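# Observations on the three-dimensional arrangement
So the chains spell out like this:
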Amino acid sequence: SAPKTKEHVHAPRDWINVGAAPTNHVVPLRIALPQSNFQELERHLYEISDPDHARYGDHLSKEEVEELVAPHPDSVHAVNEWLAGHGISEGDCVRSPAKDWITVHVPVAKAEAMLDTKFHVWKHAIDEDSIVRTTSYSLPEHMHAHIELIQPTTLFNHITGHRSTLRFYGAQEEAPAATGATITANGQEVDASCNTTITISCLKQLYNAVDYVPAATKENSIALTGYLGNFANFADLQQFYADQVPAAVNSTFNVTFINGGLNNQTLSAASDEANLDVQLALGITFPTPGTFYTTGGSPPFIPDIDNPDDTNEPYTAWLDFVLAQETLPQTISTSYGDNEQTVPESFAKRVCAGFAQLGARGVSLMFSSGDGGVGDGDPDPDTQTCLTNDGRNVTNFIPTFPASCPFVTAVGGTIYIPEVAVDFSGGGFSNYFTRPLYQESAVTEYLTKQLPKGTYDGLFNPCAIPDVSGQADNFRIFVQGRAVLGGGTSASSPSFAGFVSLLNDARLSHGLPPLGFLNPLLYSRGVSGFNDITSGNAPGCGTPGFNATVGWDPITGLGTPDFGKLKDIVL
């Protein structure tokens, strides 16, 4: 049948077309076949994640998940025939375990013939990254039912590590001395020094986990993800342990290398982002085993027109790997994201479906909610940059993906004691995903009772983020051999994940399964296990943004965790 447009996007802002792509440049095309039974997987996911359902905690096996997402045989056959028609044999194809993804490496000339399109080299106006992309591609009309999407084609994402605002201490190598107790809003006593410097001790005091000692260290584990050439340094971790968790000195973490990922241990190569993630999560959960996933696919690169860097969207490389593993960490945190609108909706939903598969297998996924408030962090209407990239160029709040995926737990940020919302906490409402049932009551309550009618009309849609929050600034960590202060929701996500890992430890110690997908629990029985944050706002897009208020709000979510209360709830 004749070619018909499968997907079209407008040329996104900040990306400049610098010319036709070299015809011999190799493009790794990832072909997504429809997951014929995904609705059934979703039904299983919600049943086993609902604490009031008889199946709660009855997670699926790898094989059961793969069976539910496997494509229909007709689609497999049709795609095989289409590929063969372009001279691509079975030996040229790499298939996912469920056979729902096929990867083929083809030169640009062949990709253009297959997709009835033209590829160009695009350069980012700010950091000069270059990618090979097109703004439109087509497939034979009879193939539309058998191919959900093909990327990288129209994917102009620009993955970033969320804000790591590091300030060097200089000569002040010692942590501030304890100065006495201050009372938090939830009645916990926390040392006053925690108002200026957050340590592991501060977090455990603030979130009611001082006396908890992990016991299920043979069954439980936690993992952090690293992208963009960010390296977690072993020597920095030892300094951090000596400073804050002396019992952990000489312990370390495992490193898993994915898609050409590296973990350079030269001290000058140590990354603030990766160190922040690893030090906070492992400091909270010691002696729980930890893993650092380092994934290649979007490295720093200064290309020329003949050698552009085709930066693959790295979440899929990571997902391919972890979904193929028989055994997975029970808790995983990621501190990276894109503006949601830079990711084609079809692709965002397909990646989100991959996160649902992990949830069905008993994995709790945390993502930082972003550090731009409702978009760019700018309250000035004259200088704000929250413009849509759909050709209209109108102002709209800009949520972050993957935090906007309803199958992950998005973590916002707080600061100070008593806690208030930090002014950069990412939040708002997705433009791609419908509001999940578990959010309906909390979000409706906010929109009808807390947000004045008509406020920000037309600037947002219904699926909300974040889900929860945690301290997000003034963390004392070690980078390149020096003590520094760092922050961002890059910090709140791994630290919140640390307390989730402790909850999993408690359940496993009592012979119970891990928590898995958290949100249905958190929005129901879990609400009473959070400290409600009712003060602060996070501006952006030329507005003051949303305010923290009583109950759930789109800046701190349900609030910050009270580990003691949550432990009682989940046991």
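What counts as what
Each chain has its residues counted from 1, running along the sequence as written. Residue-level local features of this predicted model are given only where pLDDT is at least 70; pairs of side-chain atoms are given and counted only at 80 or more, and the full residue set underlies all totals for whole chains, interfaces and linings. Heavy atoms from the whole structure form the basis of all side-chain values; hydrogens and water molecules are not counted. Only DSSP runs of H or I reaching four residues or more are called helices, and only runs of E reaching two or more are called strands; each is numbered from the N terminus. In this description the radius of gyration comes from C-alpha coordinates, and the expected globular size is given by 2.2 Å times residues to the power 0.38. Each residue's exposure class comes from its accessible area (1.4 Å probe, protein chains only) as a fraction of the maximum for that residue type: buried when under 20%, exposed when over 50%, partly exposed otherwise. Every residue pair with non-hydrogen atoms within 4.5 Å of one another is taken to be in contact. Whether two strands pair depends on DSSP finding at least two bridges between them. Multiplying 1.5 Å by the residue count of a helix minus one yields the expected span of that helix. Here, the term nonpolar core denotes a set of buried Ala, Val, Leu, Ile, Met, Phe, Trp, Tyr and Cys residues that are joined through side-chain atoms within 4.5 Å. The charge count includes Lys and Arg as positive and Asp and Glu as negative, but it does not include His or the ends of the chains. By salt bridge we mean one thing: a side-chain nitrogen of Lys or Arg within 4 Å of a carboxyl oxygen of Asp or Glu. Throughout this description, a polar contact denotes any pair of N or O atoms lying within 3.5 Å of each other; where both atoms belong to protein, one of them has to be capable of donating a hydrogen while the other can accept it, and for residues adjacent in sequence the pair is counted only when both atoms sit in side chains. When the centres of two rings from Phe, Tyr and Trp lie within 6.5 Å, Trp using its six-membered ring, the rings pair. Their planes under 30 degrees apart give stacked, over 60 give edge-to-face, and anything left gives tilted.

### What to know about the overall build of the chain
- Along its length, the chain carries 13 helices and 31 strands.
- Scaling as 2.2 N^0.38, a compact globule of 571 residues should have a C-alpha radius of gyration of about 25 Å, and the chain matches this with 23 Å.
- Taken along the three principal axes of its C-alpha coordinates, the chain extends 75 × 55 × 55 Å.
- Counting the 571 residues in the chain, one finds 60% classified as buried.
- Long-range contacts, defined as pairs at least 24 residues apart, comprise 81% of the intrachain contacts of the chain with a sequence gap of at least 6.

### Structural notes on the sheet that holds strand 4 (residues 94–95)
- Taken in spatial order, the four strands line up as 4-5-3-9 in an open sheet, and their pairing is antiparallel. Either end of the sheet is taken by a strand with one partner, and the two such strands are strand 4 and strand 9 (149–151).
- Pairing geometry for strand 3 (residues 26–32) and strand 9, over three bridges, is antiparallel. Of the residues in strand 9, the one forming a bridge with A32 is L149.

### Let's talk about helix 9 (residues 345–360)
- The terminal C-alpha atoms of helix 9 lie 23 Å apart, and with 16 residues this matches the ideal 22 Å at 1.5 Å per residue to within 8%.
- Of all 16 residues making up helix 9, 13 are buried, and the element is well covered by its neighbours.
- Of the residues flanking the end of helix 9, it is G362, one or two places downstream, whose phi is positive at about 95 degrees.

### Let's talk about unusual backbone geometry
- With an omega of 5 degrees, the peptide bond between Q151 and P152 qualifies as cis.
- Following F286, the chain continues to P287 via a peptide bond in cis, the omega torsion being 10 degrees.
- Mapped onto the elements of the fold, P287 is located in the loop between helix 7 (272–285) and strand 16 (290–295).
- Backbone geometry at D116 places phi at a positive 50 degrees, although glycine is not the residue there.
- With respect to the secondary-structure elements, D116 resides in the loop between helix 4 (108–115) and strand 6 (120–124).
- We note that C541 has phi near 60 degrees; this positive angle belongs to a residue other than glycine.
- Within the secondary structure layout, C541 lies in the loop between strand 29 (537–540) and strand 30 (543–547).
- The buried category is assigned to C541, whose relative accessible area is 4%.

### Some thoughts on the nonpolar core
- Ranked by internal contacts, the top residues of the largest apolar core, which has 148 residues, are W82 and W318.
- With nine residues, the top contributor of residues to this core is helix 9.
- Apart from the residues lying within four places of it in its own chain, the contact partners of W318 are T225, Y227, I258, Y293, T295, I332, F355, L358 and L365.

### A closer look at the side chain of D378
- The residue D378 is located in the loop between strand 19 (364–368) and strand 20 (400–401) in this model.
- No salt bridge forms around the buried D378; measuring N to O, its nearest opposite-charge neighbour R13 is 12 Å away.
- At 2.5 Å, the side chain of D378 and the side chain of T383 are in polar contact.
- Beyond its immediate chain neighbours, meaning those up to four positions away, D378 contacts T383, Q384, P539, G540, C541, G542 and T543.

### Re the packing of aromatic side chains
- A full pass over the atoms with the stated rule returns 28 aromatic pairs.
- Centre to centre, the rings of F234 and F253 are 4.7 Å apart; their planes meet at 35 degrees, and the pair counts as tilted. Separated by 19 residues along the polypeptide, F234 in helix 6 (residues 234–244) and F253 in the loop between helix 6 and strand 15 (254–258) bring together distant segments of the chain.
- The exposure class of F234 is partly exposed, given its relative accessible area of 30%.
- Ring centres of F401 and F433 lie 6.4 Å apart, and the angle between their planes is 15 degrees; this geometry places the pair in the stacked category. Taken together, the residues span a long stretch of sequence, with F401 in strand 20 and F433 in the loop between strand 23 (428–430) and helix 10 (440–450) at a distance of 32 residues.
- Residue F401 is classed as buried on the basis of its relative accessible area of 1%.

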